[in-house]
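For reference, the chains in residue letters:
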Amino acid sequence: MESGASKQNKAETGVRPGLDRSPTMGLTPDVIYPPILPPTYRKEEIFTNEEYKHIDDRVSEINISRHPTFRSLTAKLMSGCTTDLEKVRAIFYWQATQQCDEVAARLSEEDSQKATPEAYLAKIHDNSNIHVDLFHHLCKMAQLPSYVLEGYVRTGDPGSPSAAGFRWNAVAIQGQWFLFNVCWASGHMVVNLLNDANWKAIDSGHRVQESTHGFVYKFNEFYFMVDPEKIIYNHLPMEEEWQLIDEPISKLEFEEQPILKKYFFQYGIKILSHTKGIVQTEKGEVNIRFSLPMNQQFDFSYVLFRSKDDNVGQSPKRGDVSLNRYVLQQFDNKTISFLIRLPEKGKYKIDLYVYPEKTIQMWFGTYVITCDLEMEDCKPVPACGSNKGFGPGAAMHDRGIVPLTHQKGLIDTDTGNVEIQFKLPSDGNEFDFKPSLSSNKHSADMLDQNCVQRVLDDKLILNASLPEAEEYTLDIYCKEKGKDNAFTYLCSYMIANSADKNVRPANFPKFENGKIGATSHFQKLDCVCMPKDPLVIMPSSGEIQIKFSSEKDVNITTDLLYQDGDKEVMMDDYIFMDLDEEGVVISARTPKAGYYKLVVYGNMKGTDEPAHVVYEILLYSETDHYCQIYPEIADLYWYIAQCNLISPRDGVLHPEEKYHFATRIPGAVEINIISGGEQTSLQQNHDGVWEGDFIPLASDEGDDELILQCKCGTDGSNWTKPIIKYSVGESTSLLADIHRDLVESIRFGGGQERMKLLSLREQELMDLAKAKKINQGHEIENLESEVRKLIRAEEEAKADMRKAAASLDRGVDDEDERIRLTKMRKQAKLIAEEAREKRIRMMLRLALAHGDKRQIIDAMDLFEQNNIHDKDGQYADAKKFLLALQMKAELENAAKKCDPSEMTKIIEKIEGCGLRKDLELEVVKAERILLRLKEIDKYRQMLKELRKSMMKLTGFTTPPKGVHEVLMATYRLLGDPTNKLQKWSQIVKRLNKSGDESLYARIAAFNPGSVDLETAKEVKEILKDVKHESVSRSNLAAGAMYLWDLNVINTVLTENNLEPLEPEPENLLKESFVEEEPEKKKTLSELIEDLQKAKEEEKRLRKMLKAFLHQLEELDPSDEENISITKDLIQDTKREMKDMKEKKIRLMLEIAIIKDIPEELGAAIKQFSDKKYDDYDKSHSKAKKMLQAHNIRNLKAGLKRACDDNSIDAIKEALDEINQAGGKKHMKKEVEEAIRLLEKLRRIASLHHAIMELDQKSIAEIKSYRTPPAGVHEIFIAVYLLLGEPRKGLQEWQSILTLLGEMKPKKTVKRRIMKLKMEKVDISTAKDAEDLVKDLEKDWIVAVSVAAGAFLMWAKGIVQTIMDEKNGTSEEEQRSHTPLFAPNERDEPVEIKQANNENDVEMEDLE
């Protein structure tokens, strides 16, 4: 390589560097060649297409045939060019845009041998390297320094050898060298990217259209003055200096680069991860990442190949799984990444594409991937709704929607729940959205209740609930609100759920498109709802109020539904409506944990308009709540008069307990309470509220009603009727829930799991605190030592300061000595001040280490008094520590008082101040106490519902085992002395007390903080041998009381760091309880095992019966006693065999239900029906429904096949079969669709038949017309337009005659009519045909020509059918019908039209 001085020498003498590769087409004066150095400018800094467009336009008009010499051509090209850049642009653009094959085609052999520009262009057609020579020669003629480079170009994959012997150009412009490839700029090759001898396409993010090879002339701007750092990816000159980059690369480095095409650079893409083109996976995984320009938004895609050398055959598979969808394409605002996960070892290649426009894809790069170790448990990426990958891409950007919470396409969750938020544009409420969740295991239909959406102000919020630990795709679609157009794709996210089990129920209730909140009718009725958020987390009370109001006169009704697994359960007993002039207040209670749907309906009063859904609210209850049903509204007057109920609001009232009734009922003149044969009146106060006290009574037979009776009217039209109803007695609806909770408490310890976790965390924190205390001990020793040193240093400095001051005060004659003493005093003062500051800082650290409040305050006072700057944050730490001490004291005080409300507020305050980490031990202790208090309150609520059961305790003369101890422990906790509780009679005496002294009243008023440690220890001793199971069997209230006792004493014991008393669960005898637990469903294997046992037992009984019959035959007729015994045995055995037969058939039916195989279901149902067994468990009914469902599916499939085939006979046969099977009511939409199709097919068949019946004579008559009668020409123009002929070729009658005269079988008019596919006739063609024939009358045309009349009716019929098909049916109907005949298609298919050079490959790939 030459030195810079050598290069400069050559430039000064006008000698060209390197070899002279100029062609011998004429001599031009030598020009000065600048040094070979990298250019200091990039192309975009000195060149734009717009600035040089006038050059391009001018040279495009040059006619090469008018310029027989290079001199004249050069003169023409240079005309008007004033700069070097204009000159080289004129030459390059003119040459690169010449159609060389056309020039070669028009030149004679003699002309092509001449040394003319035209002859050179013709030779380029056969030898593309002549491009380089011609460009070099024209540049020299234009006095431009030019050089021909030789080297390597890349035509294969990364790592494959590059091809040698290629040539391109370098031209100096304004003293700097730039690179040009006029050959590759002239056009490109179209090749089939999938047809590769070495690779097999196995996975594609888009559809690549297969194309044949061919060269396309199209100017490629990229190779004009291409920047060296870009062209180096596919051009490597032999001479290193001509790379024109600061750090030249070797041939090996050149071949190891990724393949990067012009579109990579054109669209500003940058490599973030892999700068080499051969990538090695790590544990079967590699992530190739690129950065994107900030101001542009593109979509991307890919094609993944596998080497054919891997012997994977035509369909590469991993076991029985195809190797596709193993590329996770993820997008955010700044990066695009391709995460490739490979389940098999091998060699792979990935081609990458960018979409500059929605339907145009451009290949921008290629990597080769080697996988030596496959990824463990590698699963395919779940399919998404578009080929553009995951993340908020161009579609979202185009609509102005911005992701707020998740900018990347991959979301990880370990809870099973995800919330994604987007900011909508100012017109965002003009969109409707539709989420769609799916996975490899679950289709979108299966997960349609696992995603909900809502719009709050300018936010779109999506919530997804994931049932299993796997990867999911969340596709989001949108459309303009209020329009019938289909939803279009917006974006996709992939959600990786690592939670083994969702912390919440997996299924949400069913909402249309998953949308909760307001519907279109909400705005029409001018409604307002508070709260605004339609997703409500229920408070600890289990009750919420929602207020609706409207400026219009609106009726409001509601439904509450509970999502129980896959079914919705009506819970209308748990909603209540109060009304006033301002609106409606809807109260809702949630007795069970899970999701609820509150639906609000509305319509205008005084109209016949049906009630519409105006608002839907999703309620989530984290826990069960022992809340009651509401009272029953017994008359519509409640709504008409806008009444409201103040108290009581529980629908079940307890007998012999005083209640205060209060209600507001406009228009009432008298309100009476009726219960148990007694009646009392309420009095109206000055606020218009009817109120009064009443003690309800229950009849001896059981529960009774309490009625709130209203008397209205003062004008003689008085009426009296019940308006509110209550039940009197224990809330039987809650007994099952209470029993279940008791059972779970025995089995699982109730909330003990959470309690154990808190205890473990508390112990862990205590251990950490101990270790910290030990470390602090060492720290305190060190700090105290440092403080002592600083005190000594300060005192010594002060002593020096005093000594120097004293000497100065005495007077010093020596000037030098005086200066020394002055400096000494100043220096001593600085040392003293510095030591004092360090000491005060150290004392504050020491005070914090001790944790002593008084010490800290004193140290802070010193800090302030000495104006010390808090540069290291110690003072702020001290303030935080004091605040933490204050919070700690408040929390401990609230915990001692067992005040849950105060404790919760203080914990929230601690978290708000950022002190959770500092006080985690205290907070965990408090949370444990809160959990205990919550349990105590829960069992207190249970006891309220079990007061009737509690009163039964007084009926025991001698209590069952453990019951006395439980009651003794309860009263001891309530403060009664032990010596007054030893006898059962003493307990009964207390149980018989009422009012404030009743047991429940005392428990309700009880404060757990009143129990001291000694009492807790005493009660623990009383209960230590009590078995919860035994107590619960005896009395449900006693069982609940035991759990209440347990939680109270454990709160005290754990507060004092003592072992709590844990219940000892035993095996439950469920039949002993009031409410039986439902029997656990058996698995298929268990049922098959039971069936086998039943068959063996039946076989054994058959053998016994045979033996008894044989014995009966052998007995002596006179042995009457043994004969009688044997006959009884035979009858008993037959009865047992009959029972066993029934058991076997019932088991077979259960097995068939689980297996869900039609043949087995049919056989089991027949056996059951033949024996006429009682269907007490509804298994027979269930099996019949399942079999019917199978039959319906088969009938649907048969009808679909018939409709797909467009066969009239097949459709008729399928419809007949549906009618015979009685399936019409189950397939109403499908049948209606098929009937419409059948009518259409018959209509078309009738039209075709009329044409087919025409004889040759009738058609010959048409062909005989030289000039057709009026209207006939138009008829045949319409006919042939529908058959696909262009309008232009039908204007002449002779053209029609030529078409009618076609004799080839496939081209006759009849054959073409029979083969016509109407779906291929576009709407504009049909309209053109309609315009031609719509005014023609059949009778008039038939009078002229029968054949023309038949063709007229055919054209009109076909046009009408097409118009009905494409315009007559609304899009809504089309969407509703489409799923019937295309069940596997997506609702919003996104199709890429391969419109523009999708598979275009630059010319280098052909070479």
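Parameters and conventions
- Residues numbered from 1 in each chain as written.
- Predicted model: local features only at pLDDT ≥ 70, side-chain atom pairs only at ≥ 80, totals over all residues.
- Heavy atoms only, no water.
- Phe/Tyr/Trp six-rings, centres within 6.5 Å; stacked < 30°, edge-to-face > 60°.
- Helix = DSSP H or I, 4+ residues; strand = E, 2+ residues; numbered from the N terminus.
- Buried < 20%, exposed > 50% of the residue type's maximum accessible area, 1.4 Å probe, protein only.
- Pairing = 2+ DSSP bridges.
- Axes fitted to C-alpha atoms, helices over the stretch in contact; angles between N-to-C directions.
- Left-handed = near helix turned anticlockwise from the far one by under 90°.
- Contact = heavy atoms within 4.5 Å.
- Nonpolar A, V, L, I, M, F, W, Y, C, P; charged D, E, K, R; others polar.
- Salt bridge = Lys/Arg side-chain N within 4 Å of Asp/Glu carboxyl O.
- Parallel < 35°, antiparallel > 145°, perpendicular 65-115°, else oblique.
- Patch = residues over 30% accessible without salt bridge, like charges linked within 9 Å, V, L, I, M, F, W, Y side chains within 5 Å.
- Areas by Shrake-Rupley, 256 points an atom, 1.4 Å probe, with all protein chains shown as cover.
- Lys, Arg positive; Asp, Glu negative; His and termini not counted.
- Charge placed at Lys NZ, Arg CZ, Asp CG, Glu CD.
- Polar contact = N/O pair within 3.5 Å; in protein donor to acceptor, adjacent residues only side chain to side chain.
- Expected span 1.5 Å × (residues − 1).
- Arc of directions from axis to C-beta.

Engineer: Would you mind showing me how to read the packing of aromatic side chains here?
Structural biologist: In this description, a pair of aromatic rings is defined by centroid distance and the angle of the planes. By the definition in use, this model includes 43 aromatic pairs. Arranged with centres 5.8 Å apart and planes meeting at 50 degrees, the rings of Y233 and F265 form a pair that is tilted. With a gap of 32 residues between them, Y233 in the loop between α11 (228-231) and β7 (235-237) and F265 in helix α13 (residues 262-266) connect regions that are remote in the sequence. We classify F265 as buried; its relative accessible area is 16%. With a centroid separation of 6.3 Å and 70 degrees between ring planes, the pair formed by F264 and F290 is classed as edge-to-face. You can see F264 sitting in helix α13 and its partner F290 sitting in strand β11 (residues 285-291), a full 26 residues away along the chain. Of the two residues examined, F264 and F290, each falls in the buried class.

Engineer: Can you help me understand the sheet that holds strand β15 (residues 327-331) in this one?
Structural biologist: Two modes of strand pairing occur in sheets, parallel and antiparallel, and in both the strands are linked by backbone hydrogen bonds. The antiparallel open sheet is built from four strands, whose spatial order is β9-β11-β16-β15. Strand pairing shows two members of the sheet lacking a second neighbour, β9 (270-271) and β15, which therefore form its edges. Sheet topology places β15 next to strand β16 (residues 335-341); five bridges connect them, and they run antiparallel. Within β16, the position partnered with Q329 by the bridge is F338.

Engineer: Help me out: how do you make sense of the packing of helix α4 (residues 70-78) against helix α5 (residues 84-96) in this one?
Structural biologist: The description of two packed helices rests on the angle between their axes and on the distance between the axes. With their axes 9 Å apart at the nearest point, α4 and α5 run at an angle of 115 degrees to one another. Handedness of the crossing formed by α4 with α5: right-handed. Taken together, the residues of α5 that come into contact with α4 (itself represented by L73, L77 and M78) are K87, A90, I91 and W94. A breakdown of the residues in the contact of α4 with α5 according to their chemical character gives six nonpolar, no polar and one charged.

Engineer: Hey, could you run me through the pattern of salt bridges in this one?
Structural biologist: Should their charged atoms come close, side chains of opposite charge can pair. Considering all chains together, one arrives at 54 salt bridges under this definition. We note a salt bridge from K597 to E568, for which the minimum N-O separation is 3.4 Å. With K597 in strand β35 (residues 594-604) and E568 in strand β32 (residues 567-570), the pair connects residues that are 29 residues apart, well separated along the chain. Judged by its relative accessible area of 8%, K597 is buried.

Engineer: How should I be thinking about the packing of helix α35 (residues 1208-1220) against helix α36 (residues 1228-1252) in this particular structure?
Structural biologist: Viewed as axis vectors pointing N to C, α35 and α36 meet at an angle of 150 degrees, and their least axial separation amounts to 10 Å. The orientation of α35 relative to α36 falls into the category roughly antiparallel. Considering only the axes of α35 and α36, their crossing is left-handed. Of the residues in α36, those in contact with I1208, I1211, K1212, L1215 and I1218 of α35 are V1231, A1234, I1235, L1237, L1238, L1241, R1242 and A1245.

Engineer: Is there a simple way to think about the environment of V381 in this case?
Structural biologist: Along the chain, V381 falls in the loop between β18 (360-371) and α14 (394-398). On the basis of relative accessibility, which here comes to 3%, the residue V381 falls in the buried class. Expressed as a C-alpha distance, the spacing of V381 and T473, which sit 92 residues apart in the sequence, is 8.6 Å. The contacts of V381, once residues within four sequence positions are left out, are R325, Y326, V327, L328, R341, F390, N440, E471 and M494.

Engineer: Just to check I follow, could you spell out a positive patch on the surface for this structure?
Structural biologist: A cluster of like positive charges, contributed by K1306, R1311, K1315, K1317 and K1320, occupies part of the molecular surface. Mapped onto the secondary structure, K1315 falls in the loop between α40 (1309-1314) and α41 (1323-1333).

Engineer: Can you help me understand the environment of I906 in this one?
Structural biologist: Residue position: I906 is located in helix α22 (residues 900-912). I906 sits in the buried class, given a relative accessible area of 3%. Each C-alpha atom, one on I906 and one on A894, is 8.6 Å from the other, the two residues being 12 residues apart in sequence. Once residues within four sequence positions are removed from consideration, I906 is found in contact with M887, E890, L891 and A894.

Engineer: Would you explain the pairing of β16 in this entry?
Structural biologist: It is a general feature of regular strands that their side chains alternate between the two faces of the sheet. A large share of β16 lies buried, amounting to seven of its seven residues. Here β16 shows a buried face lined by T335, S337, L339 and R341 and a second buried face lined by I336, F338 and I340. Pairing geometry for β11 and β16, over seven bridges, is antiparallel. For N287, the partnering residue across the bridge sits in β16 and is L339.

Engineer: Before we go on, may I ask you to explain the side chain of T413 in this structure?
Structural biologist: Relative to the helices and strands, T413 resides in strand β20 (residues 410-413). A distance of 3.2 Å separates a polar atom in the side chain of T413 from the backbone oxygen of N417.

Engineer: Sorry, what's going on with the sheet that holds strand β1 (residues 146-153) here?
Structural biologist: The sheet built from four strands is open, its strands ordered β3-β2-β1-β7 with antiparallel pairing. Since the sheet does not close on itself, it has two edges, and those belong to β3 (176-180) and β7, each with one partner. Averaged over all neighbouring strand pairs, the angle between strand axes comes to 45 degrees, with direction disregarded. Of the strand pairs in this sheet, strand β2 (residues 163-173) and β3 are connected by five bridges, and their pairing is antiparallel. Note on β3: the bridge partner recorded for I173 is Q176. Packing against the sheet, α5 makes contact with β2 and β3, and its axis sits at approximately 140 degrees to β2.

Engineer: Help me out: how do you make sense of the environment of K1356 in this one?
Structural biologist: Its place among the elements puts K1356 in helix α43 (residues 1346-1368). Between the C-alpha atoms of K1356 and L1247, which are 109 residues apart in sequence, the distance is 9.5 Å.

Engineer: Sorry if this is basic, but what is going on with α35 here?
Structural biologist: One full turn of an α-helix is made of 3.6 residues, so residues set three or four places apart face in the same direction. Here α35 contains 13 residues, and its C-alpha end-to-end distance of 18 Å stays within 8% of the 18 Å for a straight helix at 1.5 Å per residue. Of the residues making up α35, those classed as buried are I1211, A1214, L1215 and I1218. Along α35, the residues classed as buried sweep out an arc of 100 degrees about the axis, all on the same side. Looking at α35, the residues exposed on the side facing more than 90 degrees away from the buried face are D1209, E1213 and Q1220. Of the surrounding elements, those touching the buried residues of α35 are α34 (1179-1205) and α36. Two residues or fewer after α35 comes G1222, characterised by a positive phi angle close to 70 degrees.

Engineer: Quick question: what am I supposed to make of unusual backbone geometry here?
Structural biologist: Of note, the amide linkage connecting M530 to P531 takes the cis form, showing an omega dihedral of 5 degrees. In this model, S647 is joined to P648 through a cis peptide bond whose omega is -10 degrees. Turning to its location among the elements, P648 is positioned in the loop between β38 (644-647) and β39 (652-653). Residue L244 is not a glycine yet carries a positive backbone phi of 55 degrees.

Engineer: What is the right way to look at the pairing of strand β21 (residues 417-423) in this model?
Structural biologist: Of the pairings in the sheet, the one linking strand β19 (residues 402-403) to β21 comprises two bridges and is antiparallel in character. In the sheet register, P403 faces β21, and the bridge partner there is F422. Pairing of β21 with strand β24 (residues 459-465), which is carried by seven bridges, proceeds in the antiparallel orientation. Looking at the pairing, F422 lines up with L460 of β24.

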